[in-house]
Amino acid sequence: MSEQPPQPPSGGPGPGYPGKDPAGQPNPYGAPGPNAYPPQPGYGYPQQGPLPGPGYGYAPPGYVPPGTYTGDPNAPYGYDALGRPYSDKSKIVAGILSLFLGTLGVGRFYLGHVGLGLAQLFTCGGFGIWALVDGIVILTGDSTTDANGRPLRGG
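Conventions and cut-offs
Residues numbered from 1 in each chain as written. Predicted model: local features only at pLDDT ≥ 70, side-chain atom pairs only at ≥ 80, totals over all residues. Heavy atoms only, no water. Helix = DSSP H or I, 4+ residues; strand = E, 2+ residues; numbered from the N terminus. Contact = heavy atoms within 4.5 Å. Expected span 1.5 Å × (residues − 1). Buried < 20%, exposed > 50% of the residue type's maximum accessible area, 1.4 Å probe, protein only. Arc of directions from axis to C-beta.

Engineer: Run through the environment of Phe109, naming residues and quoting values.
Structural biologist: Within the secondary structure layout, Phe109 lies in helix 2 (residues 106–111). Contacts of Phe109, omitting those with residues within four sequence positions, involve Leu104, Val114, Gly117 and Leu118.

Right under this line is the structure:
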């Protein structure tokens, strides 16, 4: 006696069954159709407001992207990711000033660090080495602040 292969349920594969689309036509990819597994209530992500601009996902209510003008007079250039207000001084300007005029301390004077600016002025920028390193650190680092302790904007 030979064994019979298993038979599909009566009526054969229908919509939502692997290998068929919702209309019952063969699916070339063999994947279930879109109605194979209906969504269950109560699952998924809560609906929240979208972020401005294309390609952003969703954010919690009240989220303000870093660098966005908030209308806050204490933070006219917005807040960084840690919630600190951005400085009115630019990271690019401070770095370029330190690279090219660092022997005179101009980059540090621009940031409001008068003591460091005077030290660079009197030592010719640490014989040029301090000025070069200072300019590179300002341009590449995230920890440089102005005289008020606010992080530099634009970087």
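Engineer: Could you give me a rundown of helix 5 (residues 129–140), with the residues and numbers involved?
Structural biologist: Here helix 5 is twelve residues long and its end C-alpha atoms lie 17 Å apart, about the 16 Å a rise of 1.5 Å per residue gives. Among the residues making up helix 5, those that are buried are Ala131, Asp134, Gly135 and Ile138. One side of helix 5 carries all its buried residues, which in axial view fall inside an arc of 100°. Facing away from the buried side of helix 5 by more than 90 degrees, the exposed set consists of Ile129 and Thr140. Taken together, the buried residues of helix 5 touch helix 1 (91–101), helix 2, helix 3 (114–122) and helix 4 (124–127).

Any link to function would need more than the numbers given here.
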